[in-house]
Amino acid sequence: MSKVRVLVGTRKGAFILTSDGKREQWEISGPHFAGWELYHLKGSPADPNRIYASQTSGWFGQIIQRSDDGGTTWHQPGTPPGENPAPGPPKAASNKFVYDISPATGKPLTTHQWYDGTQHPWEFKRVWHLEPSLTDPDTVYAGVEDAAMFRSTDGGENWHELPGLRGHGTGPKWQPGAGGMCLHTILLDPSDPKRMYIAISAAGAFRTDDGGNTWKPINKGLYSQYIPNPTAEVGHCVHHIAMNPSRPGVLFMQKHWHVMRSDDAGEQWNKVSGNLPTDFGFVIDVHTHEPETIYVVPIKSDGEHYVHEGKLRVYRSRTGGNEWEPLSRGLPQKDCYVNILRDAMAVDQLDKCGVYFGTTGGQVYCSADAGDSWNAIVRDLPAVLSVEVQTLA
Amino acid sequence: MIRIILPPHLRTLAVVQGEVELEVAAPVTRRSVLDALEARYPMLRGAIRDHATLQRRPFLRFFACEQDLTHDPPDAPLPDAVASGKEPFIVLGAIAGG
């Protein structure tokens, strides 16, 4: 029977929730890396036992953790605990994220726009998102703050920036949003290994068609009232982008305000907020088997980061946007003021698509019936930063 | 033998309990102590000093013999009591919040 493994990153550690295909009874393990912020954990589609985790701290910096046994044991790639160091220069460190400013890149960009419009040096802070390759367990991409993309091809042991993104020309116009200038979304096109999409707050969405060497902004159709030129090429605060792997050219975006859709790989975006009570939000995801069924959780406003009217409601559209229905069965419908952060929703691949999300109040909810009804797997974790799910044979 | 006290999160990361003891060749300075520490526990590289610049991470401080050594030059000799192992070299996370 199939199983699911839910990987939860929180403000104070990681938790792993497992269940069989019924998704009714759950086993909880954790906290892993107790006391640290776990921005994101994600398993390799090519080897589900391989899981990468971003462990981070304002005090002690960035740590990359890896499990090769489905989350039972962990180590820093290339640095097994307790290993005596070999003679010679120190080995490469898996937490070494150094921006590429070499002349060889042609564009050794070192500054971006600060909140006040002045230029500010790029400073590495943390890894927001880890995206393992669809085919190679040892290849994994990292989206980082200050915004850049790194790649490891040796299981997370060494990281190298893909400098074409940061250096493609608009970099000096990127600026941080309230959460920092982070590259938070990485989507790999399963039909074209050279095509990837990323999103940055607050710069916008970008696409590469050559494996990450060159990038182009894909923000036409976005309108952001909070920037000097609302239709600028870059500067938009994109919160998250989702795709269904069966239709990789169709993208759905939750922007700072507005839910958007593109049918041409991001060349043009159209607003599909429709009848949502508010179209501010962070998460967005797509049903595994129904590529026109999408999910968002409306948040009251940019100044009030909690759900609308004190009611926790997921909104589902079965028409690819514009027409939305609230899903509330099993969710609190009064006095609820949690937020759902951008990487905190996921879908499984079981026949009856499971949908999962985590809240800043520490609840992780599961729907085993595509959103019709919900149950809390856990209710009292630290604030949830990210939720991913693995469907296991 | 140099004695080093790490904050709890870094002890967890390095999989050590209590103090760390290291041989450090003279002259014993903050730089030589941290170099030796990172060589023995490579998982700590980047967690105390920035990888690229080797600058102290902003929220960490260094103490020994009841003195704040945080802002001393990295190549300044550490107190004799640290070099002799009588007193530990302390890496401390700055307190934030109430």
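All figures in this text were calculated on a predicted structure; none of them were measured in a lab. Numbers given to residues run from 1 along each chain, matching the order in which its sequence is written. Each chain is given a letter, starting from A, and each ligand a number, starting from 1, according to the order in which they appear as written. In keeping with the model being predicted, local features are shown solely for residues with a pLDDT of at least 70 and side-chain atom pairs are shown and tallied solely at 80 or more, while totals for entire chains, interfaces and linings include all residues.

How should the overall build of chain B be read in this particular structure?
A count of helical and extended segments in chain B gives 3 helices and 5 strands. When the helices and strands of chain B are read in sequence order from the N terminus, they spell out β-α-β-α-β-β-α-β. Throughout, radius of gyration means the C-alpha value; the globule benchmark is 2.2 Å times the number of residues raised to the power 0.38. A compact globule built from 98 residues should have a C-alpha radius of gyration of about 13 Å, and chain B, at 13 Å, falls within 12% of that. Overall size of chain B, expressed as C-alpha extent along the three principal axes, is 35 × 30 × 25 Å. A residue is called partly exposed when the number of other C-beta atoms within 10 Å of its own lies between 12 and 20, exposed at 12 or fewer, and buried at 20 or more, with C-beta atoms placed from the backbone. Across the 98 residues in chain B, those meeting the buried criterion constitute 31%. Sequence separation of 24 or more characterises 57% of the internal contacts of chain B that already satisfy a separation of 6 or more. Numbered from the N terminus, helices here are DSSP runs of H or I no shorter than four residues, and strands are runs of E no shorter than two. We call two residues in contact whenever the C-beta atoms placed from their backbones are within 7 Å.

Whenever I open this one, the overall build of chain A confuses me. Can you help?
Along its length, chain A carries 1 helix and 29 strands. Its C-alpha atoms give chain A a radius of gyration of 20 Å, near enough to 21 Å, the size a compact globule of 393 residues would have. Projected onto its principal axes, the C-alpha positions of chain A cover 60 × 50 × 40 Å. When each of the 393 residues of chain A is scored for burial, the buried share is 51%.

Explain the sheet that holds strand S4 (residues 37-43) of chain A here, please?
Strands in a sheet are paired, the pairing made by backbone hydrogen bonds, and the direction either parallel or antiparallel. All names here are of chain A. In this scheme, strands are said to pair when DSSP sees at least two bridges between them. Spatially, S4-S5-S6 is the arrangement adopted by the 3 strands of the open sheet, whose pairing is antiparallel. Strands at the two margins of the open sheet, each flanked by one partner only, are S4 and strand S6 (61-67). Strand after strand, the sheet turns through a mean of 15° between neighbouring axes, direction not considered. Inspection of the sheet shows strand S5 (residues 51-57) paired to S6 by 7 bridges, in the antiparallel sense. Paired with Thr 56 across the strands is Gln 62, a residue of S6. Convention adopted: a line fitted to C-alpha atoms gives each axis, helices being fitted over their contacting stretch, and angles between N-to-C directions are expressed from 0 to 180 degrees.

Explanation requested: the nonpolar core in the structure shown.
By convention the nonpolar core is taken to be a set of buried residues drawn from Ala, Val, Leu, Ile, Met, Phe, Trp, Tyr and Cys and joined through C-beta atoms within 7 Å. Residues A:Val8, A:Ile241, A:Tyr356, A:Val364 and A:Val387 are the most contacted members of the largest nonpolar core, which totals 130 residues. What A:Tyr356 contacts, discounting residues up to four positions off in sequence, is A:Val6, A:Met345, A:Ala346, A:Val364, A:Tyr365, A:Cys366, A:Val387 and A:Val389.

Sorry if this is basic, but what is going on with the pairing of strand S1 (residues 3-10) of chain A here?
If a strand is regular, its side chains alternate between the two faces of the sheet. Residues and elements named next belong to chain A. Judged by how many residues are buried, S1 sits mostly within the fold: 7 of 8 residues are covered. Direction of pairing for S1 relative to strand S2 (residues 13-20): antiparallel, over a ladder of 8 bridges. Residue pairing for S2: Gly 9 is matched across the bridge by Ala 14. Counted along the chain from S1 to the antiparallel partner S2, the turn is 2 residues long.

Honestly, the environment of A:Tyr337 in this entry has me stumped. Any pointers?
Residue and element names in this part refer to chain A. Summarising the element assignment, Tyr 337 is placed in the loop between strand S24 (325-327) and strand S25 (345-347). The class of Tyr 337 is partly exposed, set by 15 C-beta atoms lying within 10 Å. As a C-alpha pair, Tyr 337 and Thr 359 span 22 residues in sequence and 9.7 Å in three-dimensional space. Once you skip the residues sitting within four places of it in the chain, Tyr 337 turns out to touch Tyr 306 and Gly 310.

Teacher, can you tell me more about the sheet that holds strand S22 (residues 294-299) of chain A here?
Residues and elements named next belong to chain A. One open sheet accounts for 4 strands, arranged S21-S22-S23-S24; its pairing is antiparallel. What marks the edges here is a single partner per strand, and that holds for strand S21 (280-286) and S24. Taking each pair of neighbouring strands and ignoring which way they run, the sheet shows an average axis angle of 30°. When S22 meets strand S23 (residues 314-317), the two strands line up antiparallel, connected through 3 bridges. Residue Tyr 295 lies in a different strand from S23, and its bridge partner there is Arg 316.

Sorry, what's going on with the pairing of strand S3 (residues 60-64) of chain B here?
Residue and element names in this part refer to chain B. In this structure, S3 lies alongside strand S5 (residues 89-93), joined through 4 bridges in antiparallel fashion. If you follow Arg 61 over to S5, its bridge partner there is Leu 92. In this structure, S3 lies alongside strand S4 (residues 67-68), joined through 2 bridges in antiparallel fashion. Bridge pairing links Ala 64 to Gln 67 in S4.

Looking at this structure, I do not really get helix H2 (residues 30-40) of chain B. What am I missing?
Two residues of an α-helix separated by three or four positions point the same way, owing to the 3.6 residues in each turn. Residues and elements named next belong to chain B. Along H2, the positions that sit buried rather than exposed are Arg 30, Val 33, Leu 34, Leu 37 and Glu 38. The buried residues of H2 occupy an angular sector of 125° when the element is viewed end-on, so they sit on one face. Those residues of H2 that are buried lie in contact with strand S1 (2-5), strand S2 (20-22), S3 and S5. By definition, the arc is the one covered by directions from the helix axis to the C-beta atoms.

Explanation requested: the confidence of the model for chain B in the structure shown.
All names here are of chain B. The score called pLDDT rates the predictor's confidence residue by residue, from a low of 0 to a high of 100. Chain-level statistics for chain B give a pLDDT mean of 91 and a share of 97% at 70 or above. Looking at the elements of chain B, mean pLDDT is at its lowest for helix H1 (residues 8-14), recorded as 91, and at its highest for S1, recorded as 98. Here the prediction assigns the complex a pTM of 0.94, and the interface score ipTM is 0.86.

Explain the environment of A:His120 to me, please; I cannot follow it from the model alone.
All names here are of chain A. Structurally, His 120 is set in strand S8 (residues 119-121). Classification of His 120 by C-beta neighbours within 10 Å gives partly exposed; the count is 18. Linking His 120 and Thr 110, residues 10 residues apart in sequence, is a C-alpha distance of 8.0 Å.

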